[in-house]
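# Coordinates in review
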Amino acid sequence: MPRLTRDDVAHLARLSRLALSDDELDHLAGQLDVIINAVARVSEVATPDVPPTSHPLPLTNVFRDDEVHPSLPVADVLAAAPAVEQQRFKVPRILEEE
Amino acid sequence: MNELIRRTAAELAAAIARGEVSAEEVTRAHLERIAAVDGTIHAFLHVDGDGALAAARAVDAKRAAGEPLGPLAGVPLALKDVFTTKGMPTTCGSRILQGWIPPYDATVVRKLRDADIVILGKTNMDEFAMGSSTENSAYGPTRNPWDTSRIPGGSSGGSAAAVAAFEAPLAIGTDTGGSIRQPAAVTGIVGTKPTYGGVSRYGLVAFSSSLDQAGPFARTVLDAALLHAAIAGHDPKDSTSIDAPVPDVVAAARHGDVRGMRIGVVKELDGEGYDPGVRRCFRDAVELLAALGADVGEVSCPHFDYALAAYYLIAPSECSSNLARFDAMRYGLRIGDDGTRSAEEVMALTRAAGFGAEVKRRIMIGTYALSSGYYDAYYGSAQKVRTLICRDFEAAFQRFDVLVSPTTPTTAFPLGERVDDPLKMYLADLDTIPTNLAGNAAMSVPIGRSPDDGLPVGLQIMAPAMADDRLYRVGSALEAAYRERHGRLLIDELATASAEEGR
């Protein structure tokens, strides 16, 4: 298995939306490499003839009756928001600046 | 120590129903105990004294009005801080949810309230239930009541410690890889992971959705069964909830008879890495089960050796997806929103500041295991191992009614010992993980104290899916035998010790 480099870990941090400091990256890079190499042994017994199990219950789709139930009151939901405007969640800009 | 806090949940409910003591007195006694010892133990993140007393008074009013009371009415309970509680903080042991007050109750919480169980407060845990020691809490560790320099297990360490320290007779935890059974074992109490889908996950903040399951902690097997029955059952709000009758765990706990039961000792869950004292206690308990009339034999589950590796791919993969919801937009912490930064920058800054080291590690491992080019080798292979482990269980349950092993390889380890050595920490769940991967039911029951260090040792019982009642049969038989031999339960030894200290 390939070793996990510090650059790989920096890339993973970006994908994970984690703005890690240089110190954190240094520390985590070593640890993640050790963990990944330890868990890689699953491939020893995962032969092509074995089907995967994603879930312990043999469920496909679960349906419920199409009944109308009251939703949570808007004020209760917005009470925990970091920022609110006009009865909506207020978020930072989502597009890059021109 | 007020005598009320020593009683079992079943005894307290009966005394309240008969009018010998009021629910309010019972709640007050436990709140006083929390005030006296929780500064040291730190089992609770939030104590809701007013809410608990109001709930207790409502039970007393019901009784005065002649209304029927449920089997646990008026009994206080400690709730893991991973369940949403309307009007009460829910942090999951994380800084990212500091101060969050959810707008709705989890189904487990609603069922507790419907059963007139009194919620004392929310208990400490490893952040988002990731850990085996409760040291990954953003709010500081919980201490083991048997030895306050040691871990109480995790991730439900606060719930286990609250019950072991007589701060509550009952508690709720969650178990994704052992987070109920391992803390129960190292604090000398009973803890059950029900069959996956046996208890609703609605309002349980998700860590690994195909593995997470809520369950009871108690000081006796019967109390655990009563609480199990109170929270179990189908919930239309959880699509993975099983629509079938709940196994009669209470009747099983009352009939602890293992005569003729076929009990398999799992060969792979023993050997290197296990404390000699743990092995000694376990062997004695297995001999005891044979002496009680069980048909005991050995069984091999060869793929259990790969369970830990599979788990540390599957659980992080699911967590990397589940924890994407903590995006600083709708609730919880928001850092760096100065009007110039983008939503994505604010998200990354918030998550870096709001998550602790173990959560970051797991999100990144999961992201790696699911990324293109690596998916088949890691997540795909782990899912195949999951199939192999299910097959091992199926074969073993053809020959045996239940399987047994030590709950965890060692007794409670010292605080700080493994906190920066993730792989060593993960070994604490070596025995408990296979059951989560297969979705079966399992329990830890106290069997004695290790001759090495005098700390509690637990025995794990594993049963097929929806055969949770078998756990309680075996657990109850072991408990009754312990009581007959010693004249008390293991946890009573801790009560006696702390009563002497208090003099």
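Residues numbered from 1 in each chain as written. Chains lettered and ligands numbered in written order. Predicted model: local features only at pLDDT ≥ 70, side-chain atom pairs only at ≥ 80, totals over all residues. Heavy atoms only, no water.

### As for the side chain of Asp429(B)
Residue and element names in this part refer to chain B. Secondary-structure assignment places Asp429 in the loop between α14 (422–426) and α15 (433–438). There is no salt bridge for the buried Asp429, and the closest opposite charge comes from Arg362, which lies 6.0 Å off by N-O distance. Sequence-distant contacts of Asp429, defined by excluding residues within four places in its chain, comprise Ser132, Gly177, Gly178, Gln182, Leu308 and Tyr312. (Helix = DSSP H or I, 4+ residues; strand = E, 2+ residues; numbered from the N terminus. Buried < 20%, exposed > 50% of the residue type's maximum accessible area, 1.4 Å probe, protein only. Lys, Arg positive; Asp, Glu negative; His and termini not counted. Salt bridge = Lys/Arg side-chain N within 4 Å of Asp/Glu carboxyl O. Contact = heavy atoms within 4.5 Å.)

### Brief notes about the environment of Pro145(B)
All names here are of chain B. Looking at where Pro145 falls in the secondary structure, it is placed in the loop between β3 (118–123) and α5 (157–164). For Pro145, a relative accessible area of 17% translates into the label buried. When the C-alpha atoms of Pro145 and Arg201 are compared, they prove to be 29 Å apart, with 56 residues separating the residues in sequence. Not counting the four nearest positions on each side in its chain, Pro145 is found in contact with Ile41, Ala161, Ala164, Ala165, Thr187 and Leu494.

### Observations concerning the packing of aromatic side chains
Aromatic rings in a pair are described by how distant their centres are and how their planes are angled relative to each other. Under the defined criterion, the tally for this structure stands at 14 aromatic pairs over all chains. For the ring pair Tyr104(B) and Tyr202(B), a centre distance of 5.5 Å and an interplane angle of 50° mean the geometry is tilted. A residue pair is termed long-range when its members are at least 10 positions apart, and Tyr104(B) in the loop between β2 (76–80) and α4 (107–114) and Tyr202(B) in the loop between β5 (190–193) and β6 (214–218) qualify at 98 residues. Given a relative accessible area of 25%, Tyr104(B) falls into the partly exposed group. Taken together, Trp100(B), Phe128(B), Phe326(B), Tyr331(B) and Phe355(B) form an aromatic cluster joined through their ring pairs. It is Arg41(A) that lies over the ring of Tyr306(B); its NZ or CZ is 4.3 Å from the centre. The ring of Phe413(B) is capped by Arg418(B), whose NZ or CZ atom sits 3.9 Å from the centre of that ring. (Phe/Tyr/Trp six-rings, centres within 6.5 Å; stacked < 30°, edge-to-face > 60°. Lys NZ or Arg CZ within 6 Å of the ring centre and 35° of its normal.)

### Re the nonpolar core
Membership of the largest hydrophobic core comes to 187 residues, with the highest contact counts inside it found for Phe83(B), Leu112(B), Phe128(B) and Tyr472(B). Among all residues touching Phe83(B), those that are not within four sequence positions of it are Thr90(B), Ala106(B), Val108(B), Val109(B), Lys122(B), Ile172(B), Gly173(B), Thr174(B), Gly203(B), Leu204(B) and Ala214(B). (Core = buried A, V, L, I, M, F, W, Y, C linked by side-chain atoms within 4.5 Å.)

### Structural notes on the interface of chain B and chain A
At the interface, 63 residues of chain B touch 53 residues of chain A. Taken together, the two surfaces of chain B and chain A that pack against each other cover about 5,000 Å², and 70% of this comes from carbon and sulfur. The largest contributions to the chain B side of the interface with chain A come from Tyr306(B), Met364(B) and Lys384(B), which together make up 14% of the buried area. Applying the counting criterion to the chain B and chain A interface returns 2 salt bridges. When the shortest N-O distance is used, the salt bridge between Lys360(B) and Glu24(A) registers 2.5 Å. Our count for the contact surface shared by chain B and chain A stands at 20 residue pairs in polar contact (both at pLDDT 80 or more). Of all the secondary structure elements, the ones that give two or more residues to the side of chain B that touches chain A are α10 (307–322), α11 (343–354), α12 (357–370), α13 (376–399) and α14 of chain B. Considering each element in turn, the side of chain B that touches chain A owes the most residues, 11 residues, to α13(B). In the side of chain B that touches chain A, the residues fall into 35 nonpolar, 12 polar and 16 charged. (Buried area = accessible area lost by both parts, 1.4 Å probe. Polar contact = N/O pair within 3.5 Å; in protein donor to acceptor, adjacent residues only side chain to side chain. Nonpolar A, V, L, I, M, F, W, Y, C, P; charged D, E, K, R; others polar.)

### Quick notes on the sheet that holds strand β1 (residues 44–47) of chain B
All names here are of chain B. What the 11 strands build is an open sheet, ordered β1-β3-β2-β4-β6-β5-β10-β11-β9-β7-β8; its pairing is mixed. The two strands at the open ends of the sheet, each matched to only one other strand, are β1 and β8 (295–299). Pairwise comparison of adjacent strand axes, ignoring direction, gives a mean angle of 25° for this sheet. Two elements, β5 and strand β10 (residues 441–449), share 3 bridges in a ladder whose sense is antiparallel. Bridging from a neighbouring strand, Lys193 pairs with Ala442 of β10. (Pairing = 2+ DSSP bridges. Axes fitted to C-alpha atoms, helices over the stretch in contact; angles between N-to-C directions.)

### Description of helix α2 (residues 22–39) of chain A
Here α2(A) is 18 residues long and its end C-alpha atoms lie 26 Å apart, about the 26 Å a rise of 1.5 Å per residue gives. At Leu28(A), α2(A) shows its maximal kink, close to 25°. Buried within α2(A) we find Leu25(A), Leu28(A), Ala29(A), Gln31(A), Leu32(A), Asp33(A), Ile35(A), Ile36(A) and Val39(A). Contact partners of the buried residues in α2(A): α1 (6–15) of chain A together with α10, α12, α13 and α14 of chain B. (Expected span 1.5 Å × (residues − 1). Bend = angle between axes of the 7 residues up to and from the residue.)

### Let's talk about the packing of α4(B) against helix α7 (residues 221–231) of chain B
All names here are of chain B. Running from N to C, α4 and α7 point in directions that differ by 115°, and their axes come no closer than 8 Å. One finds that α4 runs roughly perpendicular with respect to α7. Facing α4, whose interface residues are Val108, Lys111 and Leu112, α7 presents Leu227, Ala230 and Ile231. Tallied by class, residues from the contact of α4 with α7 come to 5 nonpolar, no polar and 1 charged. (Parallel < 35°, antiparallel > 145°, perpendicular 65-115°, else oblique.)

### What about the state of the cysteines?
Residues and elements named next belong to chain B. Counted under the stated rule, the structure contains 0 disulfides over all chains. Free of any disulfide, Cys92 has its nearest neighbouring cysteine sulfur in Cys319, separated by 13 Å. Here Cys390 is not disulfide-linked; the sulfur of Cys301 is the nearest cysteine sulfur, at 12 Å. (Disulfide = S-S within 2.5 Å.)

### A closer look at the pattern of salt bridges
If you walk through the whole model with that rule in mind, you get 30 salt bridges over all chains. Notably, a salt bridge pairs Glu344(B) with Arg17(A), separated by 3.5 Å at the nearest N-O pair. Of this pair, Glu344(B) sits in helix α11 while Arg17(A) sits in the loop between α1 and α2, which puts the two residues in different chains. Residue Arg17(A) is classed as partly exposed on the basis of its relative accessible area, which comes to 29%. The residue Lys62(B) makes a salt bridge to Asp116(B) at a minimum N-O spacing of 2.8 Å. Residue Lys62(B) is located in helix α3 (residues 49–64), and its partner Asp116(B) is located in the loop between α4 and β3; the two are separated by 54 residues in the primary sequence. According to the relative accessible area criterion, Lys62(B) is partly exposed, its value standing at 25%. In this structure Asp116(B) comes out as buried when scored by relative accessible area, which is 16%. Put simply, Arg6(A), Asp22(A) and Asp26(A) are held in one network by salt bridges that share partners.

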